[in-house]
Amino acid sequence: MADHSEEACRRVDVGISRVFELFGKRWTGPIVSVLLQRPVYFAELRRAIPGISERMLSDRLTELGAAGLVIREVDEGPPLRVAYRLTEAGAAMEPALKELGQWADTYLAPESGGC
């Protein structure tokens, strides 16, 4: 029999809440989606995500780095460039994100004016 006590529900909510606290922020999903493909320089990442500002991209990458999902690597150049890649923990999100994408394709109404 499943445990539906308040304590059990709180345990589940903590994990889900932590995931959506990070992934529920605007731009986080698209950033991780691009990084799942390969390591990317900052400028490439910004071009790959229409509408994101440099400041917002920088903020989200800092948050993902603090969460242990992204690594920042400096290429001394010349020119000096900064690349970002997913850590093992970040890459481990791929199956879950693909499942969420498939769920969205099945159950969410398509966006108008999208690609």
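Calculation notes
Residues numbered from 1 in each chain as written. Predicted model: local features only at pLDDT ≥ 70, side-chain atom pairs only at ≥ 80, totals over all residues. Heavy atoms only, no water. Core = buried A, V, L, I, M, F, W, Y, C linked by side-chain atoms within 4.5 Å. Buried < 20%, exposed > 50% of the residue type's maximum accessible area, 1.4 Å probe, protein only. Helix = DSSP H or I, 4+ residues; strand = E, 2+ residues; numbered from the N terminus. Contact = heavy atoms within 4.5 Å. Phe/Tyr/Trp six-rings, centres within 6.5 Å; stacked < 30°, edge-to-face > 60°. Lys NZ or Arg CZ within 6 Å of the ring centre and 35° of its normal. Polar contact = N/O pair within 3.5 Å; in protein donor to acceptor, adjacent residues only side chain to side chain.

### Structural notes on the nonpolar core
Counting residues in each nonpolar core, the largest one holds 20 residues, and the members touching the most others are Ile31, Leu35, Leu45, Ile49, Leu61, Leu64 and Val70. Those elements that provide at least two residues to this core are α1 (6-23), α2 (28-37), α4 (54-66) and β3 (81-86). A per-element tally of this core places α2 first, with four residues. Leucine 64 has contacts with Leu22, Thr28, Ile31, Val32, Leu69 and Val70, leaving out every residue within four places of it along the chain.

### Quick look at the packing of aromatic side chains
Taken as a whole and judged by the stated rule, the model has two aromatic pairs. Aromatic pair phenylalanine 42 and tyrosine 84: ring centres 6.4 Å apart, planes at 55°, arrangement tilted. Within this pair, whereas phenylalanine 42 is found in helix α3 (residues 42-48), its partner tyrosine 84 is found in strand β3, the two being separated by 42 residues in sequence. For the pair tryptophan 103 and tyrosine 107, a centre-to-centre distance of 5.9 Å together with 40° between the ring planes defines the contact as tilted. With a gap of four residues between them, tryptophan 103 and tyrosine 107 both fall in helix α6 (residues 94-107), about one helical turn apart. For tyrosine 107, a relative accessible area of 60% gives the class exposed. In this arrangement the basic side chain of arginine 81 is found over the ring face of tyrosine 41, its NZ or CZ atom lying 3.5 Å from the centre.

### Some thoughts on the environment of tyrosine 84
Accessibility expressed as a relative area gives 9% for tyrosine 84, which makes it buried. Along the sequence, tyrosine 84 and arginine 72 sit 12 residues apart, while their C-alpha atoms lie 4.7 Å from each other. If near-sequence neighbours (up to four positions away) are discounted, tyrosine 84 is found in contact with Leu35, Pro39, Val40, Phe42, Leu61, Val70, Ile71 and Arg72. Within polar-contact distance, the side chain of tyrosine 84 engages the side chain of arginine 72 at 3.5 Å.

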